[in-house]
Amino acid sequence: MATAKIRWLLLGLALAAGGQAAAQRMLYRCVIDGKTSLSDRPCAERPSPSFAVIGPAREPRQSMSSTPMVSKAATHLDYLSPLCAELNEGMRNGPARGLGPRALAELHSSYRERCGEDDAVARKRFVEEQAKKRDAHNNELLAEKRERDLVKLTREQCDEMYRIAHNRRKKLEALSPGERADFERFEANRKSRCQPA
């Protein structure tokens, strides 16, 4: 019996000296040849269920339902009058502030009564502003695409003009004075439109 007490004492001291990590270990009760002993490792023969956990008690988890969730702010909040914006935020934060169902119902009723029209106007303005932003963004994308397409078309035209000018230069000696004048006008046009090639 004294041996068991000494084992318990030694195990307690080892756990205390081992710090937090050691304090969280499981203890196993092992029965070997009819003798019961405690170990921090599973028993070598038939493992018996863990006997105890030594260490600080874990804090109980709070249930999800105990903490009221705060909903996302209304998208049209910035378009509401200050009074209606405040009432809207009050409805949103009410459960988290501990307002009961009756108080929340009164707050909703007051909001509908005082801010029903303001809310409808604010929602409409929000939708219109979002549509304007979308249109502006789309117009910007279209302008960028048009610019890219124009650059590509100009490059293709200049490549073709350069190819024609290169072929005509080879035959420059055989050209008549009129054809030479046409070629010079063509070259001047090409140089004014295109980067030097």
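Before any of the text, the structure's been laid out above.
The paragraphs below set out a description of the structure included in this document. The shown structure was predicted, so the numbers you read here are calculated from the model rather than taken from an experiment.

As for helix H3 (residues 82–97)
Approximately 35° is the largest bend angle found in H3, and it occurs at Met 91, with the proline Pro 95 only one to four residues beyond. Residues of H3 that are buried: Cys 84, Ala 85, Leu 87, Asn 88, Gly 90, Met 91, Arg 92 and Gly 94. In this fold, the buried residues of H3 make contact with helix H4 (101–170). Phi turns positive, to about 90°, at Gly 98, one or two residues after H3.

Quick notes on helix H5 (residues 177–193)
Here H5 spans 24 Å end to end across 17 residues, near enough to the 24 Å set by a 1.5 Å rise per residue. Listed as buried for H5 are Phe 183, Phe 186, Glu 187 and Arg 190. All buried residues of H5 fall inside an arc of 100° around its axis, so they share one side. Exposed positions of H5 whose direction lies more than 90 degrees from the buried face are Pro 177, Glu 184, Arg 185 and Ser 192. Considering only its buried residues, H5 is in contact with H4.

Some points on the nonpolar core
Grouped together as the largest cluster of nonpolar side chains are 12 residues: Leu 77, Tyr 79, Leu 80, Cys 84, Ala 85, Leu 87, Met 91, Leu 107, Tyr 111, Cys 115, Ala 122 and Phe 126. In terms of residue count, the dominant contributor to this core is H4 (5 residues). Residues in contact with Tyr 79, not counting those within four places in the same chain, are Asp 118, Ala 122, Arg 125, Phe 126 and Glu 129. In terms of nonpolar packing, the next biggest core, distinct from the first, is built from 6 residues, Cys 158, Met 161, Phe 183 and Phe 186 among them.

Considerations on the side chain of His 76
Take His 76: it is sitting in the loop between strand E3 (50–53) and H3. Relative accessible area serves as the criterion here: at 3%, His 76 is assigned to the buried category. Among the polar contacts made by the side chain of His 76, one reaches the side chain of Asp 119 at a distance of 2.8 Å. The contact partners of His 76, leaving out residues within four places of it in the chain, are Asn 88, Tyr 111, Asp 119, Ala 122, Arg 123 and Phe 126.

Considering the state of the cysteines
As enumerated under the stated definition, the model contains 2 disulfides in all. Covalent S-S linkage joins Cys 158 and Cys 194, the inter-sulfur distance amounting to 1.9 Å. Taking the sign of the torsion about the S-S bond as the criterion, the disulfide between Cys 158 and Cys 194, at about -90°, is left-handed. Here Cys 158 is found in helix H4, whereas its partner Cys 194 is found in the segment after H5, with 36 residues between them in sequence.

Cut-offs applied
Residues numbered from 1 in each chain as written. Predicted model: local features only at pLDDT ≥ 70, side-chain atom pairs only at ≥ 80, totals over all residues. Heavy atoms only, no water. Bend = angle between axes of the 7 residues up to and from the residue. Helix = DSSP H or I, 4+ residues; strand = E, 2+ residues; numbered from the N terminus. Buried < 20%, exposed > 50% of the residue type's maximum accessible area, 1.4 Å probe, protein only. Contact = heavy atoms within 4.5 Å. Expected span 1.5 Å × (residues − 1). Arc of directions from axis to C-beta. Core = buried A, V, L, I, M, F, W, Y, C linked by side-chain atoms within 4.5 Å. Polar contact = N/O pair within 3.5 Å; in protein donor to acceptor, adjacent residues only side chain to side chain. Disulfide = S-S within 2.5 Å.

Note that every value here comes from positions in space, so none of it alone points to a role or purpose.
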